Amino acid sequence: MKIEQQIASLRTELREHNHNYYVLDTPTISDYDFDMKLKELQQLEAAHPEFHDPSSPSLRVGGMVTKNFETVTHEQRMYSLDNSYSKEDLEDWEKRIQRVLGDVPIQFTCELKYDGASISLTYENGRLARAVTRGDGFQGDLVTTNIKTINSIPLQLKGNYPPKFDIRGEIVLPFAGFHKMNEERIANGEEPYMNPRNTASGSLKLQDSAAVAKRPLDCLLYGIVGENTGISTQWQMLEKARTWGFKVPSIAKLCQTVDEVLEFVDYWNVHRHDLPYETDGVVIKVNNLQHQDELGYTSKSPRWAMAYKFKAEQVSTVLNEITYQVGRTGAITPVANLEPVLLAGTTVKRASLHNADQIAKLDIRENDTVFVEKGGEIIPKIIKVDFDERPQNSVPTKYIENCPECHTPLTRTEGDAKHYCTNYYGCPPQITGRIQHYISRKAMDIEGMGSETIELLFKEGLVTNYADLYTLTKEEVMPLERMAEKSAENLVNGVAASVKIPFERVMFALGIRFVGETVAKKLAKAYKNIDAMMVATEEELVAVDEIGERIAKSVVEFFQNEDNRAIVSRLKSYGVQFELSAEKLENQTEKLKGQTFVVSGVFEKVSRNELKKMIEDNGGRVGSSVSSKTSFLVAGNNMGPSKRAKAENLNVAIISEDDFLAMV
Ligand code: AMP
Ligand code: ZN
């Protein structure tokens, strides 16, 4: 046999064994025989680098080292899921769906909600082309090298798969492997890992892929996104993915009613403890993909899916002390410092108490015994006080009246639950908090600098606002704790590179209260440069789409302040972007100003996302569902009949893709 053929046939054979062992759980050869064949392949490949193949099963042992993971944009956003906790929540959801879809029968698929780290895998012509972490949903880290070491993820698909698609799933670390890892760590005198989920997600970002290969990670898949996949229901999606070689758990149910859904939930609420991996709920999805399409998305999650959270674990412990934290906007957050207690696999020491009202409502006092609960969120919650355990000498909690950091009297405006320290420029955590926000990933994304560095720089008197970052020199930074020549250089270079960050993000980075990412974009687009924005009045600002009074007031206040104006003008002198780029300006018009569009169906000339972008670039608004405020419904192929009916009812103009393109 020719060497090339020999290599090819070994690869096919090993692939098949991998699938049998890791996906189907039914090995057909011994581990020893498998290892022998793998060795044989590795030797042949080493001797014949001309037949290198990035999908070869031999590459699963890892070895590549990644220093920095590249950030890449998801072609399709990775959304969160809405949560529900009761039968009523689910019934309300069903009603909302039925209202949109009209009186049609709806089927639901139930799957378990695997608790690990989400991943998006892109396959091109049947080969794993890239693997990206969820990140912020829009962008994630490219971790392909590490992902390839996970044996249950096929590097080469079988059967009749679409030429290009993304498949999403969860990287989990099954209990057995997790415990084994911890036993080894303890034996080596190392600290054991806290829980499987964090260990799984930490594994994805290890620099040495050989270390990842040693971890018994698994990947459970649940959703395919892509055009022309030939799939019409969620149920079919799960089945197809299995035939292409993916590990899709067989625990899933196709339900005709919400009651059937609840049966599934009740069953797994109990039996999940018998599963080999962690789950934290059930995910319920509208089965028909066309229905899904009609339902669409909110800004965070699909309207066609719902997570039903298993009841969170609760424990009781003693609250030792209430302390207060000051955020970057001066907002005060009370924190419960607890007697450490084990909850859902992690040790809990602190819990947020939110605000003064919350403390009063629950009548929480120091030395109380409290019930702590941990849902999906990282920070645990205090549910209630165990009044039977309250000590005799207990005194009601008196909320602080002065800032714990700078002693300024706190203020609280009507309608706001939080207390604020208004010593904007003199209160240390506010100063550092603003700089930390400025350098954060979604803002100026300055590398080589973390929160601790900022605190050090502030303590040493090197920075008191974010404009000071730009005059830092390597020599000034090097003497700081944990800094070396290289890291100091990185820091200074990172700051210098930030002058390329576009105006929209600079607007967000300034940290104006109530100006989040989206509002920052709107403002940048409406005013085009900072000079125009700085002289805008409240009335003018409110006239901008989606800018309310609260935001307008905050923007005006920010720019009225002398110090802020001085900082902006310094930033300008360092080259920070304070106007929209020429390219952005060129593609922008006001042609669709004041018009709201709803986009539905599949389009031929441009993708749905492109279409939405065109609407926004031309000053229009994209609405999520047809209402009396909708100006146009842009109808593509396979648009749901209920949307059309609704538009007709409300006299909303229905236009085609071509009609729309002619408009812009
Ligand atoms: P959350 O992060 O709580 O909003 O939940 C959304 C996440 O649940 C997704 O990013 C997925 O990673 C995860 N997930 C786990 N199992 C499933 C499933 N069967 N279907 C959809 N998402 C799932
Ligand atoms: Zn203060």
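Residues numbered from 1 in each chain as written. Chains lettered and ligands numbered in written order. Predicted model: local features only at pLDDT ≥ 70, side-chain atom pairs only at ≥ 80, totals over all residues. Heavy atoms only, no water.

Where do I start with the overall build of the protein chain in this structure?
Helix and strand counts for the protein chain stand at 25 helices and 20 strands. In terms of its C-alpha atoms, the protein chain occupies a principal-axis envelope of roughly 80 × 70 × 60 Å. A total of 664 residues make up the protein chain; the buried ones form 45% of that total. Considering only contacts in the protein chain between residues 6 or more positions apart, those separated by 24 or more positions represent 68%. Entry remark: accessible area of the protein chain is about 33,500 Å², with carbon and sulfur atoms responsible for 49%. For the protein chain, the separation between the mean place of its 79 positive charges and that of its 95 negative charges on side chains is 2 Å. (Helix = DSSP H or I, 4+ residues; strand = E, 2+ residues; numbered from the N terminus. Buried < 20%, exposed > 50% of the residue type's maximum accessible area, 1.4 Å probe, protein only. Contact = heavy atoms within 4.5 Å. Areas by Shrake-Rupley, 256 points an atom, 1.4 Å probe, with all protein chains shown as cover. Lys, Arg positive; Asp, Glu negative; His and termini not counted. Charge placed at Lys NZ, Arg CZ, Asp CG, Glu CD.)

Looking at this structure, how should I read the coordination of the zinc ion (ligand 2)?
Think of it this way: four donors in a tetrahedron around the metal ideally sit 109.5 degrees apart, and six in an octahedron ideally sit 90 or 180 degrees apart. Bound to the zinc ion (ligand 2) on the protein side are Cys-403 (SG), Cys-406 (SG), Cys-421 (SG) and Cys-427 (SG), at distances that span 2.2 to 2.3 Å. Each of the four donor atoms bound to the zinc ion (ligand 2) contributes to angles spanning 98 to 115°, and the resulting shape is tetrahedral. Sequence positions of the residues that donate to the zinc ion (ligand 2) give the spacing C-x2-C-x14-C-x5-C. Here Cys-406, found in the loop between strand E16 (381-385) and helix H12 (428-439), pairs with Cys-427, found in the loop between E16 and H12; they are 21 residues apart in sequence, far enough to count as distant. Judged by its relative accessible area of 0%, Cys-427 falls in the buried class. (Donors = N, O, S within 2.8 Å, 3.2 Å for Na, K, Ca; no water. Tetrahedral: all angles 85-135°; square planar, octahedral: opposite > 155°, others 65-115°.)

Please clarify how the site of ligand 1 should be interpreted in this entry.
Near ligand 1 lie 13 residues; those nearest to it are Leu-81, Glu-111, Arg-134, Glu-170 and Lys-285. One of the side-chain nitrogen or oxygen atoms of Glu-170 is found 2.3 Å away from an oxygen atom of ligand 1. Contact with the protein chains hides 87% of the accessible area of ligand 1, taken as 500 Å² for the molecule alone. Secondary structure elements with two or more residues in the shell around ligand 1: strand E3 (108-114) and strand E10 (279-286). Examining the composition of the shell around ligand 1, we find that four residues originate from one element, E3, more than from any other. (Near = heavy atom within 4 Å. Polar contact = N/O pair within 3.5 Å; in protein donor to acceptor, adjacent residues only side chain to side chain.)

Please explain the pattern of salt bridges as it appears in this structure.
Close approach of charged atoms allows side chains with opposite charge to pair. A complete count under the given rule lists 28 salt bridges for this structure. The closest approach of N and O atoms between Lys-113 and Asp-280, which form a salt bridge, is 3.7 Å. You can see Lys-113 sitting in strand E3 and its partner Asp-280 sitting in strand E10, a full 167 residues away along the chain. Like Lys-113, the residue Asp-280 is buried in the burial classification. Among the ionic pairs, Lys-613 bridges to Asp-617, the shortest N-O distance being 3.0 Å. Taken as a pair, Lys-613 and Asp-617 lie in helix H23 (residues 608-617) at a separation of four residues, close to a single helical turn. Sharing partners across several salt bridges, the network here consists of Arg-11, Glu-45, Asp-53 and Arg-127. (Salt bridge = Lys/Arg side-chain N within 4 Å of Asp/Glu carboxyl O.)

Sorry, what's going on with the packing of aromatic side chains here?
Both the distance between ring centres and the angle between the ring planes are used here to describe each pair of aromatic rings. Tallying each qualifying case throughout the model produces 19 aromatic pairs. Arranged with centres 4.6 Å apart and planes meeting at 85°, the rings of Tyr-424 and Tyr-425 form a pair that is edge-to-face. Residue classification places Tyr-424 among the partly exposed positions, given a relative accessible area of 22%. Accessibility expressed as a relative area gives 33% for Tyr-425, which makes it partly exposed. Each member of the aromatic cluster is reached from another via a ring pair, and the members are Tyr-123, Phe-165, Trp-244 and Phe-246. The cationic tip of Arg-434 hangs over the ring face of Tyr-424; the distance from NZ or CZ to the ring centre is 4.1 Å. Directly above the ring of Tyr-420 sits Arg-513, whose terminal nitrogen or CZ lies 4.1 Å from the centroid. (Phe/Tyr/Trp six-rings, centres within 6.5 Å; stacked < 30°, edge-to-face > 60°. Lys NZ or Arg CZ within 6 Å of the ring centre and 35° of its normal.)

Looking at this model, I keep getting lost on the domain arrangement of the protein chain. Mind explaining?
Interfaces are often sized by the amount of accessible area the parts lose when they come together. The domain architecture assigned to the protein chain consists of domain 1 (3-61), domain 2 (83-309), domain 3 (314-411), domain 4 (428-500), domain 5 (503-585) and domain 6 (596-663). The centre of domain 2, based on its C-alpha atoms, is set 31 Å off from the matching centre of domain 6. Opposite the eight residues of domain 2 that make contact, domain 6 presents nine residues. For the pairing of domain 2 and domain 6, the buried interface totals around 660 Å² over both sides, and the portion due to carbon and sulfur atoms is 34%. (Domains from an automatic or database assignment. Buried area = accessible area lost by both parts, 1.4 Å probe.)

Where do I start with the sheet that holds E3 in this structure?
The strands that make up a sheet are held in pairs by hydrogen bonds between backbone atoms, and each pair lies either parallel or antiparallel. With mixed pairing, five strands are arranged side by side in an open sheet as E2-E11-E10-E3-E9. Edge positions in the open sheet fall to strand E2 (83-84) and strand E9 (252-255), since each of these has one partner strand only. (Pairing = 2+ DSSP bridges.)

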